[in-house]
Amino acid sequence: MEKIFQKFAFSSATLVFIILLGIFITLFNAARPAINEFGLNFIVDPAWNKEVPITTPQAKTDKSVTQSAVSNTDDETVDVNDFGDDSDDMMMQDEDDTPTKTIYGGLVPLVGTIFSTLIALAFAMPIAMGIAIFLAEIAPKKIATFVGGAIELLAAIPSIIFGMWGLYYFAPIVAALFGGFQVSLLTAGLVLGVMILPFMAAITRDSMNTTPDILKESAYALGATKFEVIKDVIFPYSKVGIIGSIILSLGRALGETMAVAFLIGSIFELPHKITDPTISIPVALANNFGEASGLGMSSLFYLALILFVMSFAVISFAKFYFLRKAN
Amino acid sequence: MPVMNIKKFSFTYPGVSDPSLKNITLPIKKNKITALIGPSGCGKSTLLRSMNRIHDLYPGNKYEGKIDLLDFESGKYKNILDIKKENEFIKLRQQVGMIFQKPTPFPMSIFDNVAYGLKIDGIKNKSELSDRVEAALKGSALWSEVSDRLGKSAMGLSGGQQQRLCIARAVAVKPEVLLFDEPTSALDPISTAAIEELIVELRNDISIAIVTHNMQQASRISDYTAFMYLGDLVEYDKTENIFLNPKEKRTEDYITGRFG
Amino acid sequence: MRRLLINKIILTLSTISALIGLAFLAWILVTLFVKGLSSFHFSLFVNDLIDNGLRNLIIGQFILAGMASVIGIPLGMVAGIYIREYGQGRYANLIRNLSDIMMSAPSIVIGAFVYAIIVVPTGHTSGFAGSIALAIMMIPIVISTTDSMLSLVPKELREAGIALGASKYKVIFDIVIKSAKVGIMTGILLAFARIVGETAPLLFTSQTSNYFTLDLTHAFPSLSVSIYDLASDVQTSSRDLAWAASFILTVMVLVINLTGKFITRNKK
């Protein structure tokens, strides 16, 4: 019995490893057609589901070098626009029903993901720090317990609620204040910020609370003000935890789907202004998975793989940082 | 001449009906060491923590009576229980420093630890800062051990060194009174001896009040001793009188080890 | 004094930002309650979505999360026991770290993974696929709870058990887990609360259904996924239904959370 349980326990623990590896391999496999077709160019290509003609001789003669063929196609199009002489040929070819192919690039959702996350952090960080300072150092104990408990509960609210509220109540106000569309990078980022706010505030407060009373008292006993105690003793003491809380929040914001899905606009276009609509990786997955097929589907998996790797990198970095500091 | 005069002082913690200190009257004499002894829960730490009003970090305490502190600049006594404004609190804590049960190095370099009180007080001049840090470290018998690594984190020091660092940090702001709250309770015997020696030396410049649960320590280093029991000051006298010839039965029972 | 002024300013700013943050969160809650309650009706619990009710969705959501728990809780607990009680240093630590990373993996990616390994081979979405996706989300949460709760059990208790001649397995089940029971249960409740409100991993695994069904091999009704559909609908009546559904979903999540907190408090 002992042996059997131990084996079972070992297998369950190993399951974690297998699932993570499985996610990576599965996503990679499913993304492989897109990876083969577009390579790393995918990351910098803003086109999504765009028909481009296959006109270059290289593409016809040398099909194995598909990646260079794609970039050559781009070059060709630019050339066509630059030199009027060739444009006739181009027109001809178009009318001739030249074979076209659909290309997919991940730049737009990648930019949308990164910028909505950055906006969320920029918005949430100062407020979360303020809440944490208020709860840990300013508020009387009873208020701190009550408000702290409320904030922890708010961190548990399903993210889709934040999205709905954001779309129908918050976005109109943001659009009125800053101009632009109600669905935009800005509104999506801000709602994302509101969503990570309670989480970030709660764990920042927890880190600040690990500072021993006696250490704070020592600083007060030297004549320090509350702000000086926070700045010189509490923050340095709980630095690792606070940075960790920010990185964990960043990880949450990166992968968040529902709070953003209502608000980002879901169009594959690079935003020129912060108030323009665009799309993020999770939203691209959520909205297009159902209808996609073939290379489009594979490209979505490519996006999922990129998101997975990004989140993995961010969290491992945080873990590594914790580990190094803890030792 | 006392630097601090505690008169008919009572103290009540928030949410408690009975006072934890009852009608205490006690002088802290200038350039002397006054030890507060008594069994746990007798109120000795509570009394010490009233002397720089560190209690006030947590709201709801009730004070009665007076604690007069001699202001060296004006030569006048001032009741510290009247203090309400933040800047007066800061001044009080610069005049009355404190050392805690455990070493409390701040998460910064050795130099910055000692310079901390000076920096927040607005001293920016580099050479003045390093002079005063050096003087404080020398005064705390730590200079020779750390002079070559002032920029290193204070966390790397041993417990005894950390406690002397905290004393240097408190001494650097030139307080009138230093309060020691069982400063050696977390230290080994050798470090304890070094701290005791240091406290005795500090007496030349600073008046000292020390809470200790260690009666030998009180008899070794203090000039005056106050024995407290259940929130009352039972007896206050010269240390030799308390230990050799106590007037009160309860004092005698305690120092002979019959209770506590 | 300048430093006193700075102190005042910073503390005031902190308090103000705390108020701003709380105001936002209160705004969301008030919106949810006002909109949710105004569209709330008890018939929602009687009818299915096809008749403008939510009955099938609420039951479906619980079944999905319940199935996920049936899979995820034992696996997570046993894995947590392994890394705390059996694991040898490095390997246990590796799993612990990987589990933490897995906990932060984007839920939509987990959805995509389950889509690829279950939905594609079987050819259609299913309640089963949705449960698996939620179970994958749940496992690391349960591992981390079990791990940290077991770490609170004093070593002496284990040694005392071993000293009486009990096997390690006996000691773990009869002594260690019993003394960490309340903490682990609370953690599991919170893990359940976390997955019961999830939408993203269900979008293309279980999808949702307008009808009542207990058949896990086909598209399965999900409250959260239907909220997404209804809320994006042009019809006002659909959106009102989405608010009512959101209200119910939030109340469910909060009640489970509060229960967890209540248990912990009573223990102390």
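Scroll up to find the structure.
This section reports on the structure supplied with the text. The structure presented is a predicted model; accordingly, all values stated were derived computationally and were not measured. (Residues numbered from 1 in each chain as written. Chains lettered and ligands numbered in written order. Predicted model: local features only at pLDDT ≥ 70, side-chain atom pairs only at ≥ 80, totals over all residues. Heavy atoms only, no water.)

Secondary structure assignment for chain C yields 10 helices and 0 strands. Along chain C, helices (α) and strands (β) appear in the sequence α-α-α-α-α-α-α-α-α-α when read from the amino end. Expressed along its principal axes, the backbone C-alpha trace of chain C runs to roughly 70 × 70 × 35 Å. The contacts of chain C with a sequence gap of at least 6 include a subset with a gap of at least 24, amounting to 75%. Accessible area for chain C stands at about 11,600 Å²; split by element, carbon and sulfur atoms hold 66% of it. Separation of charge centres in chain C, based on 20 positive and 13 negative side chains, amounts to 15 Å. (Helix = DSSP H or I, 4+ residues; strand = E, 2+ residues; numbered from the N terminus. Contact = heavy atoms within 4.5 Å. Areas by Shrake-Rupley, 256 points an atom, 1.4 Å probe, with all protein chains shown as cover. Lys, Arg positive; Asp, Glu negative; His and termini not counted. Charge placed at Lys NZ, Arg CZ, Asp CG, Glu CD.)

Across the boundary between the two partners, chain C contributes 76 residues, which contact 78 residues of chain A. Both sides of the chain C and chain A interface together cover about 6,800 Å² of buried area, and 81% of this is carbon and sulfur. The interface formed by chain C and chain A holds 3 salt bridges in total. Measuring nitrogen to oxygen at the nearest pair gives 2.9 Å for the salt bridge that ties Lys-261 of chain C to Glu-152 of chain A. Across the chain C-chain A interface, the total number found is 9 residue pairs in polar contact (both at pLDDT 80 or more). Contributing elements (two or more residues each) for the side of chain C that touches chain A: helix 1 (2-38), helix 2 (55-86), helix 3 (89-103), helix 4 (107-122), helix 5 (127-151), helix 7 (168-179), helix 9 (223-231) and helix 10 (236-267) of chain C. Its residues assigned to classes, the side of chain C that touches chain A comprises 52 nonpolar, 17 polar and 7 charged. (Buried area = accessible area lost by both parts, 1.4 Å probe. Salt bridge = Lys/Arg side-chain N within 4 Å of Asp/Glu carboxyl O. Polar contact = N/O pair within 3.5 Å; in protein donor to acceptor, adjacent residues only side chain to side chain. Nonpolar A, V, L, I, M, F, W, Y, C, P; charged D, E, K, R; others polar.)

Chain C puts 4 residues into the contact, and the matching count from chain B is 6 residues. Regarding the contact of chain C and chain B, the summed buried area is about 430 Å², with carbon and sulfur atoms giving 59% of it. Among the residues chain C hides against chain B, the three largest losses belong to Met-1, Arg-3 and Leu-4 of chain C. Together they make up 87% of the total. On the surface where chain C and chain B come into contact, there are 0 salt bridges. Linking chain C to chain B there are 1 residue pair in polar contact (both at pLDDT 80 or more). For the side of chain C that touches chain B, the residue count by class is 2 nonpolar, 1 polar and 1 charged.

As a further point, take the packing of helix 2 (residues 86-95) of chain B against helix 1 of chain C. Helix 1 of chain C packs onto helix 2 of chain B with a crossing angle of 120° between their chain directions and a minimal axis gap of 10 Å. Between helix 2 of chain B and helix 1 of chain C, the crossing angle belongs to the class labelled oblique. As helix 2 of chain B runs across helix 1 of chain C, the sense of the crossing is right-handed. On helix 1 of chain C, the residues that touch Glu-86, Asn-87, Ile-90 and Gln-94 of chain B of helix 2 of chain B are Arg-3, Leu-4 and Asn-7 of chain C. Classifying every residue of the contact of helix 2 of chain B with helix 1 of chain C gives 2 nonpolar, 3 polar and 2 charged. (Axes fitted to C-alpha atoms, helices over the stretch in contact; angles between N-to-C directions. Parallel < 35°, antiparallel > 145°, perpendicular 65-115°, else oblique. Left-handed = near helix turned anticlockwise from the far one by under 90°.)

Residues and elements named next belong to chain C. Closest axis-to-axis distance for the helix 2/helix 7 pair is 12 Å, and the angle between their directions is 110°. Relative to helix 7, helix 2 is oriented roughly perpendicular. Contact residues: Met-77, Ile-81, Glu-85 and Tyr-86 in helix 2; Lys-168, Tyr-169, Ile-172, Val-176 and Ile-177 in helix 7. Residues of the contact of helix 2 with helix 7, tallied by class, amount to 7 nonpolar, no polar and 2 charged.

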